[in-house]
Amino acid sequence: MKEIKYQFSATDCMVYLGASFGSLQDLVPLNLIFITDENVFRHHTEKFEGHKTIVVKAGEEYKQQTTIDSIIQQLIEFEADRKTFIVGVGGGVVTDMAGYAASIYLRGVKFGFVPTTILAMVDAAIGGKNGVDVGVYKNLVGTIRQPQFLLYDYSFLESLPLAQWINGFAEIIKHACIKDAALFAWLQDKSVAYFQQNPDALAILIEKNVTIKSSIVTLDEFEQGDRKLLNFGHTFGHAIENENQLLHGHAISIGMMIASTFSEEINQFSSAEKAEIKAILQQYGLPTKIQYDKQKVWNLMKMDKKRVSDTMSFILLNKIGEASVHQIPLVQLEDMVNQSL
Ligand SMILES: NC(=O)c1ccc[n+]([C@@H]2O[C@H](COP(=O)([O-])OP(=O)(O)OC[C@H]3O[C@@H](n4cnc5c(N)ncnc54)[C@H](O)[C@@H]3O)[C@@H](O)[C@H]2O)c1
Ligand SMILES: [Zn+2]
């Protein structure tokens, strides 16, 4: 097991890589209450034996306030108090909701995560953004509050379906696009199957991505600067995700292609590199385009949290491995969205 400590404004976050779920009670000797979803619970029931566990329905459609209300109800039934430590065990949907519920229950109790999908391991569990969707509006309500720890037990991945492995690689490719050309080149050489079959390479890949995301977030916890770069592919991605019932990674993959096209049009991003991005997304089994309703997508995009009055902060690539934030007037963005459809 490898331990890394990340320092945030209000707390430190301990990261335990290659750890075992069974050691959690020793690492965090407190009154733990687990929150997980029915898939994780079904595949790993034995891991939860003897623990107070709240099991929610699986899937993005349940990442809504009503699920939070039911979690809070069960926390009351378990007589959870200020000393209770909430542990979200699952994919990004579970960690987003567990962190949010913990942030508002009794005005905030401590929490930690055990991410069980690739996507949650490399992205969703890191950085303290927690929350829920409101109807089709992604992550419209939530908090920024850091977990006390992240525990990585790779044995959870044994039950992860292939589609969910692929889903997680969208955020890995995103990290490479915005911050790490060497990682991009390494990924170009490999495939999902390679990482599934090589646990050592997978552990290196996950650690690299934990470092990329954590470094960005520790320097800019409240998204005043560099953290915005992590939204590459997300403004458009979020607009199509719930409306079209896409997996988050699929939506972001299509969003990255759109953002690459905008980068080419207004940021001198080279068309050869754009082709490399398309090729790598396809190599990892991710979609690069979809049919959708222009007007609906634009209406959703306008509601994005990154809109400030009549401009939207939008992430463009300068080159592979380097991105920048641009304020794009809404009218210009609407034009570009219409053209790229
Ligand atoms: N907070 C953030 O910074 C952040 C960043 C990126 C994404 N997200 C959010 O994360 C969510 C997507 O995360 P996700 O892709 O992990 O989704 P998810 O939590 O829905 O998990 C995907 C599916 O895999 C199942 N699953 C999870 N672990 C499993 C395991 N070990 N074995 C078998 N099945 C398992 C789940 O039940 C679910 O059906 C989105 O809601 C997105 O908005 C948040
Ligand atoms: Zn994402």
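See above for the structure.
Given the structure is predicted, the values throughout are model-derived calculations rather than measurements. (Residues numbered from 1 in each chain as written. Chains lettered and ligands numbered in written order. Predicted model: local features only at pLDDT ≥ 70, side-chain atom pairs only at ≥ 80, totals over all residues. Heavy atoms only, no water.)

Student: For the sheet that holds strand β11 (residues 311–319), give the residues involved together with the corresponding values.
Tutor: Spatial ordering of the open sheet is given by β10-β11-β12, a layout of three strands whose pairing is antiparallel. The sheet is open, and its two edges are formed by β10 (307–308) and β12 (322–329), each paired on a single side. Bridge analysis of β10 against β11 gives two bridges, and the strand direction is antiparallel. Paired with Val308 across the bridge in β11 is Thr311. (Pairing = 2+ DSSP bridges. Helix = DSSP H or I, 4+ residues; strand = E, 2+ residues; numbered from the N terminus.)

Student: Help me get a handle on the side chain of Glu223, residues and values and all.
Tutor: Looking at where Glu223 falls in the secondary structure, it is placed in the loop between α10 (199–219) and α11 (234–241). On the accessibility criterion, Glu223 (19% relative accessible area) is buried. Among the polar contacts listed, one links the side chain of Glu223 to the side chain of Lys129, at a separation of 2.6 Å. Discounting residues that sit within four places of it in the chain, Glu223 has contacts with Lys129, Lys228 and Asn231. (Buried < 20%, exposed > 50% of the residue type's maximum accessible area, 1.4 Å probe, protein only. Polar contact = N/O pair within 3.5 Å; in protein donor to acceptor, adjacent residues only side chain to side chain. Contact = heavy atoms within 4.5 Å.)

Student: Please give an account of the pattern of salt bridges that cites residues and values.
Tutor: It is possible for side chains of opposite charge to pair when their charged atoms get near one another. Taken as a whole and judged by the stated rule, the model has 15 salt bridges. Where Asp123 meets Lys213, a salt bridge forms, and the shortest distance between an N and an O atom there is 2.6 Å. Of the two residues, Asp123 sits in helix α6 (residues 118–124) while Lys213 sits in helix α10, which places them 90 residues apart along the sequence. The pair Asp123 / Lys213 is uniform in exposure class, with both members buried. Here Lys129 and Glu223 are joined by a salt bridge, their closest N and O atoms 2.6 Å apart. Of the two residues, Lys129 sits in strand β7 (residues 129–134) while Glu223 sits in the loop between α10 and α11, which places them 94 residues apart along the sequence. (Salt bridge = Lys/Arg side-chain N within 4 Å of Asp/Glu carboxyl O.)

Student: Tell me about the site of ligand 1, and please be specific about residues and values.
Tutor: With respect to spatial proximity, 28 residues lie near ligand 1, and among them Asp37, Glu60, Thr117, Lys138 and Ser159 are the closest. Measuring from an oxygen atom of ligand 1, one finds a side-chain N or O atom of Lys63 at 2.8 Å. Here a nitrogen atom of ligand 1 sits 2.6 Å away from a polar atom, N or O, in the side chain of Ser159. Taking 860 Å² as the accessible area of ligand 1 by itself, protein coverage stands at 91%. Of all the secondary-structure elements, those providing two or more residues to the shell around ligand 1 are α2 (38–43), α5 (92–104), α6, β8 (137–144) and α7 (162–179). Class assignment of the residues belonging to the shell around ligand 1 gives a composition of eight nonpolar, eleven polar and nine charged. (Near = heavy atom within 4 Å. Areas by Shrake-Rupley, 256 points an atom, 1.4 Å probe, with all protein chains shown as cover. Nonpolar A, V, L, I, M, F, W, Y, C, P; charged D, E, K, R; others polar.)

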